[in-house]
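Next come the chains, spelled out residue by residue.
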Amino acid sequence: MNAIFLYSGEILSLLSAVFWALAVVFLKRVGEKIHPIGVNLFKNCLGAILLAITLLILGEPLIYPISGVFTTEDYLRIIASGIIGMGIADIIFLHSLNIIGAGITALVDTVYSPFVIFFAYIFLGEHLSPIQFAGGAIIIGAIIYASLKLHNIPVNRKRLEYGIILGVLAIAMMAFGIVLIKPVLDKFQGEFSKLLWIAGFRLVPGSLIPLFIFLIINRKQNLTKAFWDRSVWVPLIGGSILATYLGISCWILGMSLIQASKASILNQTATIFILIFARIFLKEPLTKRRIAAISFALLGVYLVFIG
């Protein structure tokens, strides 16, 4: 099934940003009651199940033989990308989100496109110009500026810095994970069902890591108890569908149709959507400093784009 239409890569990348921003707001509510390991395990498993059902409807096999449609290298890239970008990075990201909140997470999220561009330059040979480096520096500077004087935050300065460092680390790992599978995505550009298969299979190793950690921690902390609270079901299921079904599907499809660096710039608009949704649904403050930081960050994103 062919998924190419005019500006399809750009539109899908923007839709991914919207879905991801909504998911962050939903999962922030869930994170107050459920451990990040449990949230990550649930959302990855639900996403894998929904994608498997979608593939069956499309008549796509759930398993491809090695060296058939997908080579051994393809499988290794997808598995490594799933472990790094979905298994480990998401756990760190959710922990960071619980510490610093959705609003500050939106600021930290602006490092995503510079990391994608950096890794794309190293591993894919995509060109970086001086103006792109300048844009990346502005984005980093915007985050530092926003974090120097923050008000109405529920944690102390040391805890805040710890949360920001975790957030940056998680986003760097996500960026590396998507660049790692870009060559595989390029092979199936526009093949809707094959790309969804990659998204679904990537969630399998991405689920095994949190499952292993969950089983270990659950013996001491009884992490399953929190799932019986009915108040978390709607945001947990909603956030999981938005993040690992709709969001990842659009993200994978968009990334396959346009350059990794261009897709990452459009994904970066999630920063704006997170701030808006956090203000609407979580009542988080939208201060002048945050608005200024986002404006500078978007200027940096623009410089990276035109570069």
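Every value quoted in this text rests on a predicted model; they were computed, and no experiment measured them.

Caption draft 1: Up close: the overall build of the protein. The secondary structure content of the protein amounts to eleven helices and zero strands. Ordered by position from N to C terminus, the α and β elements of the protein give α-α-α-α-α-α-α-α-α-α-α. Radius of gyration (C-alpha) of the protein: 19 Å, near the 19 Å computed for a compact globule of 307 residues. When burial is assessed residue by residue, the protein has 56% of its 307 residues classed as buried. Looking at the protein alone, contacts between residues at least 24 apart form 87% of all its contacts between residues at least 6 apart. The distance from the centre of the 23 positive side-chain charges to the centre of the 13 negative ones in the protein is 13 Å.

Caption draft 2: Main features of the environment of D90. Take D90: it is sitting in helix α3 (residues 72-108). As a C-alpha pair, D90 and P210 span 120 residues in sequence and 9.3 Å in three-dimensional space.

Caption draft 3: Main features of the nonpolar core. Grouped together as the largest cluster of nonpolar side chains are 89 residues, with contacts concentrated most on F70, I178, W197 and I198. It is α3 that provides the largest number of residues to this core, a total of 16 residues. Those residues in contact with W197 that sit more than four places away from it in its chain are L55, P61, L62, I63, Y64, F70, Y75 and I78.

Caption draft 4: The packing of helix α4 (residues 112-124) against helix α6 (residues 157-187), seen in detail. Where α4 meets α6, the axes come as close as 9 Å, and the angle between the chain directions of the two elements is 40°. With respect to their mutual orientation, α4 and α6 come out oblique. Here α4 and α6 pass one another in a crossing that is right-handed. On the side of α4, the interface is formed by Y112, F115, V116, F119, A120, F123 and L124, while α6 contributes V168, I171, A172, A175, F176, I178, V179, K182 and P183.

Caption draft 5: Spotlight on unusual backbone geometry. In this model, N222 sits at a positive phi of 50°, which is unusual for a non-glycine residue. Note on placement: N222 falls in the loop between α7 (192-221) and α8 (233-257). Look at N222 and you get partly exposed, because its relative accessible area is 40%.

Caption draft 6: Representation of the packing of aromatic side chains within the structure. Applying the stated criterion to the full structure yields 17 aromatic pairs. Ring geometry for F119 against F176: centres 5.4 Å apart, planes inclined by 75°, an arrangement best described as edge-to-face. Taken together, the residues F119 in helix α4 and F176 in helix α6 connect sequence positions 57 residues apart. Between F273 and F277, the ring centres sit 6.3 Å apart and the planes meet at 20°, which makes this aromatic pair stacked. Pair noted here: F273 and F277 are both in helix α10 (residues 270-281), with a separation of four residues, about one helical turn. Given a relative accessible area of 26%, F273 falls into the partly exposed group. Given a relative accessible area of 14%, F277 falls into the buried group. Among the aromatic residues, those joined into a ring-pair cluster are Y64, F70, Y75, F188, W197 and F201.

Caption draft 7: Examining the pattern of salt bridges more closely. Applying the stated criterion across every chain yields a total of six salt bridges. D229 serves as the salt-bridge partner of K33, at 3.3 Å between the closest nitrogen and oxygen. Of the two residues, K33 sits in the loop between α1 (8-31) and α2 (36-57) while D229 sits in the loop between α7 and α8, which places them 196 residues apart along the sequence. Take D229: its relative accessible area is 30%, and that puts it in the partly exposed class. D90 is the partner of K43 in a salt bridge, and the nearest nitrogen-oxygen pair spans 2.4 Å. Highlighted residues: K43 in helix α2 and D90 in helix α3, separated in sequence by 47 residues. Take K43 and D90: they sit in the same class, and that class is buried.

Caption draft 8: Fine view of a nonpolar patch on the surface. Among the surface-exposed residues, I131, F296, L299, Y302 and I306 lie close enough to one another that they form a single nonpolar patch of about 470 Å² accessible area. Top element by residues in the nonpolar patch is helix α11 (residues 288-306). It accounts for four residues. Checked against the element boundaries, L299 lands in helix α11.

Caption draft 9: Quick look at helix α9 (residues 260-267). Burial analysis of α9 places seven of its eight residues in the buried class, the great majority of the element. When we look at burial in α9, the residues that qualify are A260, S261, A263, S264, I265, L266 and N267.

Criteria and cut-off values
Residues numbered from 1 in each chain as written. Predicted model: local features only at pLDDT ≥ 70, side-chain atom pairs only at ≥ 80, totals over all residues. Heavy atoms only, no water. Helix = DSSP H or I, 4+ residues; strand = E, 2+ residues; numbered from the N terminus. Rg over C-alpha atoms; globule rule 2.2 N^0.38 Å. Buried < 20%, exposed > 50% of the residue type's maximum accessible area, 1.4 Å probe, protein only. Contact = heavy atoms within 4.5 Å. Lys, Arg positive; Asp, Glu negative; His and termini not counted. Charge placed at Lys NZ, Arg CZ, Asp CG, Glu CD. Core = buried A, V, L, I, M, F, W, Y, C linked by side-chain atoms within 4.5 Å. Axes fitted to C-alpha atoms, helices over the stretch in contact; angles between N-to-C directions. Parallel < 35°, antiparallel > 145°, perpendicular 65-115°, else oblique. Left-handed = near helix turned anticlockwise from the far one by under 90°. Phe/Tyr/Trp six-rings, centres within 6.5 Å; stacked < 30°, edge-to-face > 60°. Salt bridge = Lys/Arg side-chain N within 4 Å of Asp/Glu carboxyl O. Patch = residues over 30% accessible without salt bridge, like charges linked within 9 Å, V, L, I, M, F, W, Y side chains within 5 Å. Areas by Shrake-Rupley, 256 points an atom, 1.4 Å probe, with all protein chains shown as cover.

All quantities given are derived from atomic positions and should not be read as evidence of function.
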